[in-house]
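One-letter residues, chain by chain:
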Amino acid sequence: MPKRPSIPAIPGSEITPEHVWLNRRQLMAAAGGLAAGGIGTALAAPETGGAALSFEAAKASDQRGFHTAEDKTPYEDATSYCNFYEFGTDKSDPARHAHEMTVDPWRVEVSGEVANPGHLNLEDIMGFDLEERVYRFRCVEAWSMVVPWIGFPLSTLLARFEPTSKARYVAFRTLYRKEEMRGTRSFSSIIDWPYREGLRMDEAMHPLTLMSVGMYGKTLPNQNGAPLRLVVPWKYGFKSIKSIVSIELTERQPQTSWQELAPHEYGFYANVNPEVDHPRWSQKYERRLPSTVFNPNRRKTKLFNGYSDQVASLYTGMDLGKDY
Ligand code: MTE
């Protein structure tokens, strides 16, 4: 188990302070080397993902929260400002190093409280009926994006393996391949790998909960979690676990990586909530990418990230300040 600092370091901004990073980016942009949303270091790495997908496009008229009409975050920002600690803690590390991860072949084990345990290969994953969802995405670090994801409901995947009546939670695990994930070999690595996340069964079965295989019309770049990641738009981004290799249905609430590391800072539920501050910063506002020093693009954070109509009933009677 890696040695852990007393205060964990989820924000990459703590390692490269945000204002330094933003200033650097702006300087580069001002120097004329970059288009408005671009980031130099990311562009040096080989591109991953990007194969065209065929899917049902999200409809602007959708009333289920599947499509927000808000401006989409430019592709360059969503794919270069990333959190994927397996490749390093700086926001630019995943775009620079995640191409070192092999994503084909790929295998996802589905086990635990299911009548029909088994696995999915890459061909099976890409064989689900794909649809587009344009979601807001809010990181616990108080930056946010709007991303057109492509994928299929997690409920469709789970149904295939026939959950038993004992299945109350879903536990997810990310690939852990040390030789291809330089962040896991680093001295500053603070997570007890593999990265783990979990949902309650009703959250997992909710129609908004998406297994994503693509974004912006194409397969996921490695840095965004290729070939298969979770997207739970009403929860902080750390719940949206990337590059999944294991899905286990359980009777008991699973331990998750961030909760294990700092339970007083990162809860199991992690529902976006402007009234429940992180112990080290406020959650009342967020910066919508692209965000710069001169134009931080700051806006108020909404309860459940604006998906209250769809999900508030899942938490009736719960104290969201206690079950954060
Ligand atoms: N999944 C794994 N395996 N490792 C990670 O470090 N970071 C999480 C989440 N999923 C993370 C992960 C966090 S903190 C966030 S905010 C989102 O991924 C970021 O997703 P994005 O980089 O595609 O925007």
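The structure we're discussing is the one just above.
Residues numbered from 1 in each chain as written. Predicted model: local features only at pLDDT ≥ 70, side-chain atom pairs only at ≥ 80, totals over all residues. Heavy atoms only, no water.

Things to note about the site of the ligand
Logical step 1: Surrounding the ligand, one finds 18 residues, the nearest of these being Tyr85, Glu86, Thr174, Arg229 and Lys242.
Logical step 2: At a separation of 2.8 Å, a nitrogen atom of the ligand approaches a polar side-chain atom of Glu86.
Logical step 3: Thr174 has a polar side-chain atom sitting 2.9 Å from a nitrogen atom of the ligand.
Logical step 4: When the ligand sits alone it has 530 Å² of accessible area, and the protein chains cover 100% of it.
Logical step 5: Of the residues in the shell around the ligand, the class split is ten nonpolar, five polar and three charged. (Near = heavy atom within 4 Å. Polar contact = N/O pair within 3.5 Å; in protein donor to acceptor, adjacent residues only side chain to side chain. Areas by Shrake-Rupley, 256 points an atom, 1.4 Å probe, with all protein chains shown as cover. Nonpolar A, V, L, I, M, F, W, Y, C, P; charged D, E, K, R; others polar.)

Here's the deal with the packing of aromatic side chains
Logical step 1: For the structure on display, the rule yields 13 aromatic pairs.
Logical step 2: Ring geometry for Phe268 against Tyr269: centres 5.5 Å apart, planes inclined by 90°, an arrangement best described as edge-to-face. Note on accessibility: Phe268 and Tyr269 belong to one class, buried.
Logical step 3: Seen in terms of ring centroids, Tyr269 and Tyr315 are 6.1 Å apart; in terms of plane orientation they differ by 90°. Their pairing is edge-to-face. Placement of Tyr269 in the loop between helix H8 (257–261) and strand E11 (285–288) and of Tyr315 in the segment after helix H9 (308–311) is noted, with a sequence separation of 46 residues between them. There is no split in this pair, since Tyr269 and Tyr315 are both buried.
Logical step 4: Aromatic rings pair up to connect Tyr169, Phe268, Tyr269, Phe304 and Tyr315 into one cluster. (Phe/Tyr/Trp six-rings, centres within 6.5 Å; stacked < 30°, edge-to-face > 60°. Buried < 20%, exposed > 50% of the residue type's maximum accessible area, 1.4 Å probe, protein only. Helix = DSSP H or I, 4+ residues; strand = E, 2+ residues; numbered from the N terminus.)

Considerations on the pattern of salt bridges
Logical step 1: Under the counting rule described, the total for this entry stands at 18 salt bridges.
Logical step 2: Here Arg64 and Asp62 are joined by a salt bridge, their closest N and O atoms 2.5 Å apart.
Logical step 3: Classification of Asp62 by relative accessible area gives buried; the value is 16%.
Logical step 4: A salt bridge links Glu109 to Arg107; its shortest N-O distance comes to 2.6 Å.
Logical step 5: Residue classification places Glu109 among the partly exposed residues on the basis of a relative accessible area of 33%.
Logical step 6: Residues participating in the shared-partner salt-bridge network are Glu70, Arg136, Arg138, Glu286 and Arg288. (Salt bridge = Lys/Arg side-chain N within 4 Å of Asp/Glu carboxyl O.)

Quick notes on the pairing of strand E7 (residues 210–215)
Logical step 1: Among the six residues of E7, six are classified as buried, and the element is accordingly described as predominantly covered.
Logical step 2: Where strand E4 (residues 143–153) meets E7, five bridges bridge the pair, whose relative direction is antiparallel. The partner of Trp149 across the bridge, within E7, is Met215.
Logical step 3: In this structure, E7 lies alongside strand E9 (residues 229–231), joined through three bridges in antiparallel fashion. When the sheet's bridge partners are listed, Ser212 is paired in E9 with Arg229.
Logical step 4: Here E7 pairs with strand E8 (residues 218–219) via two bridges, running antiparallel. For Met215, the partnering residue across the bridge sits in E8 and is Lys218.
Logical step 5: Connecting E7 to the next strand, E8, in antiparallel fashion are two residues, including Tyr216 with a positive phi near 50°. (Pairing = 2+ DSSP bridges.)

Quick word on the nonpolar core
Logical step 1: Formed by 82 residues in total, the largest nonpolar core has its most connected members in Leu157 and Ile247.
Logical step 2: Counting residues per element, this core draws most heavily on E4, at six residues. (Core = buried A, V, L, I, M, F, W, Y, C linked by side-chain atoms within 4.5 Å.)

Some details on the environment of Phe304
Logical step 1: Mapped onto the elements, Phe304 comes out in the loop between strand E12 (298–300) and H9.
Logical step 2: Residues Phe304 and Pro233, spaced 71 residues apart in sequence, show a C-alpha to C-alpha distance of 8.2 Å.
Logical step 3: Each residue touching Phe304, except ones within four places of it in the same chain, is listed here: Trp234, Asn271, Val272, Val311, Ala312, Tyr315 and Leu320. (Contact = heavy atoms within 4.5 Å.)

Some words on the sheet that holds strand E6 (residues 196–200)
Logical step 1: If you walk across this open sheet you meet the five strands as E2-E1-E10-E5-E6, and the pairing is mixed. Sheet topology places strand E2 (118–121) and E6 at the edges, where each strand pairs with a single neighbour. Shown here is a sheet whose adjacent strand axes are inclined to one another by a mean of 20°, direction ignored. (Axes fitted to C-alpha atoms, helices over the stretch in contact; angles between N-to-C directions.)

Description of the pairing of E11
Logical step 1: As paired elements, E4 and E11 share two bridges and run parallel to each other. Looking at the pairing, Ser144 lines up with Arg288 of E11.
Logical step 2: Pairing of E11 with E12, which is carried by three bridges, proceeds in the antiparallel orientation. Among the inter-strand pairings, Glu286 is bridged to a residue of E12, identified as Arg299.

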